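This is what each chain is made of:
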Amino acid sequence: MKKKKCIAMLLAGGQGTRLYALTNMVAKPAVSFGAKYRIIDFPLSNCTNSGIDTVGVLTQYQPLILNEYVGNGEPWDLDRSYGGVHTLPPYQAKAGGEWYKGTANAIYQNLHFLNEYDSEHVLILSGDHIYKMDYSKMLAQHIQHNADCTIAVFDVPPEEASRFGIMDYDENMRINSFEEKPKSPKSNHASMGVYIFKKDVLVRELIADEADKNSVNDFGKNIITKMLKAGSGLYAYSFSGYWKDVGTVTSLWEANMDLLGDKPAFDIDDPSFKIYSRNEPLPPSYIGDNGKFVNSIMTTGCEIYGTVINSVIGEGVTVKEGAVVENSVVMQGSVIGKNVKISYGMVDENVVIGDGAIIGDENSDKNHITLIGRDTAIPAKTKLKAGEIVEKGSVKA
């Protein structure tokens, strides 16, 4: 058996309830982003760009679209004869399957996968973040410090710190405190949900955690906290690039908007660190004689006959005559009817909006995004107020 230096385990089974209609039918990592990507493209591409060629994708909630999308891993150069990408559903025992009880339990249920590749180190990733990161640099620091565990850290605005696992560390980057979502944070050093463990340490801690009946089987709440109390070698790795937790509608909308402008906050097209995705071949997009496309991005297969301003338009979207789409995200395959007005909206995949409908309010803001779930038909002249959420299916005019 060939020993691997590091393999990755990607936690992709979350339900994503704070994304509401966007995750009713798909797992959060399969949600569309940035016109032609899905959220899972980012950690998978990071692995490819970091030289990590073995990735276990732990699925659970609504896995069908995610499993089909990942497939054999070919778009990310992860179709390998030894290693590559593997989707890992909850373990099916003779007495029936047991759903993952927490992030630590999810890895515990897949110890057989870790042992199959006999890696020295294990990289654990979350499937709901938008960022570009070279994990090989983090691994190098992890090995240099002979760390039991290294946690990637991103400094967040102090007012947001209570949403994250917050830690403090000394001048050598050794962590001396960690608290999960504290009410009164001691710092703004937030865990990115990216961990590297020595494999033998990880296995030992997971087995002990599983035996603890009082544990909720979570890395932040249980594994990391216990290791810190025991005096294990926990170190922080400081990351200063773009990173966004897109677990809410507001944050997902913000991340899409961060792609716009002459100098976007997040340069998704930087060829030196490519983000790979699985896309169907479509013809070039077309802007009609009366169409306007201002400070926006789109990919292939779109037809724009109306006006698009400050928006992100997915593959194969049609915006018909007289329609105005501004400050919005429209995902692949959707059709925006004639004279429709969309302001501060997020339109999921394969939505059809009837002529003359008004979606949202031009005086709205990022905290009141009007959301329409996938495969939904919105009748002509429907009015949806700012912040309204429409699940799958038709609504009455």
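About the cut-offs
Residues numbered from 1 in each chain as written. Predicted model: local features only at pLDDT ≥ 70, side-chain atom pairs only at ≥ 80, totals over all residues. Heavy atoms only, no water. Pairing = 2+ DSSP bridges. Helix = DSSP H or I, 4+ residues; strand = E, 2+ residues; numbered from the N terminus. Phe/Tyr/Trp six-rings, centres within 6.5 Å; stacked < 30°, edge-to-face > 60°. Buried < 20%, exposed > 50% of the residue type's maximum accessible area, 1.4 Å probe, protein only. Lys NZ or Arg CZ within 6 Å of the ring centre and 35° of its normal. Salt bridge = Lys/Arg side-chain N within 4 Å of Asp/Glu carboxyl O. Right-handed = clockwise from strand over helix to strand, strands pointing away.

**Digging into the sheet that holds strand β29 (residues 358–360)**
- As summarised here, the arrangement of the 6 strands in space is β17-β20-β23-β26-β29-β32, forming an open sheet in which the pairing is parallel. Lying at the two open borders of the sheet, with one neighbouring strand each, are β17 (292–294) and β32 (383–384).
- Both β17 and strand β20 (residues 307–309) contribute to a ladder of 3 bridges, which runs parallel. Within the sheet, the bridge partner assigned to F293 lies in β20 and is V308.

**Quick notes on the sheet that holds strand β19 (residues 303–304)**
- Taken in spatial order, the 6 strands line up as β16-β19-β22-β25-β28-β31 in an open sheet, and their pairing is parallel. Strands at the two margins of the open sheet, each flanked by one partner only, are β16 (286–287) and β31 (377–378).
- As paired elements, strand β25 (residues 335–336) and strand β28 (residues 352–353) share 2 bridges and run parallel to each other. Counterpart to V335 in the pairing with β28 is V352.

**Some remarks on the packing of aromatic side chains**
- Going through the model one piece at a time under the given rule, you end up with 16 aromatic pairs.
- Between Y69 and W76, the aromatic rings sit 5.6 Å apart at their centres with planes inclined by 65°, giving edge-to-face as the arrangement. Each of the two residues, Y69 as well as W76, counts as buried.
- Between the NZ or CZ atom of R38 and the centre of the ring of Y69, over which it lies, the distance is 5.3 Å.

**Quick notes on the pattern of salt bridges**
- Per the stated rule, a full pass over the model turns up 14 salt bridges.
- R80 is paired through a salt bridge with D53; the nearest N and O atoms lie 3.5 Å apart. Residue R80 is located in the loop between α2 (64–70) and β5 (84–88), and its partner D53 is located in the loop between α1 (41–49) and β4 (54–58); the two are separated by 27 residues in the primary sequence.
- Judged by relative accessible area, which is 36%, R80 ranks as partly exposed.
- One salt bridge in this structure joins E349 and R374, with 3.4 Å as the shortest N-O distance. Of the two residues, E349 is situated in the loop between β27 (345–347) and β28 and R374 in the loop between β30 (370–372) and β31; the sequence distance between them amounts to 25 residues.
- With a relative accessible area of 2%, E349 lands in the buried category.
- In this structure, a network of salt bridges that share partners links the residues K4, D53, D77 and R80.

**What about unusual backbone geometry?**
- Backbone geometry places N146, a non-glycine residue, at a positive phi of 50°.
- In this fold, N146 is placed in the loop between α5 (135–144) and β10 (149–155).
- Owing to a relative accessible area of 53%, N146 belongs among the exposed residues under this scheme.
- The phi torsion at M173 lies on the positive side, around 75°, for a residue other than glycine.
- Structurally, M173 can be placed in the loop between β11 (165–169) and β12 (175–180).

**Describing the pairing of β5**
- The sheet contact formed by β4 and β5 spans 5 bridges and is parallel. For V57, the partnering residue across the bridge sits in β5 and is T87.
- Taking the sense of rotation as the criterion, the β-α-β connection linking β4, α2 and β5 turns out right-handed.

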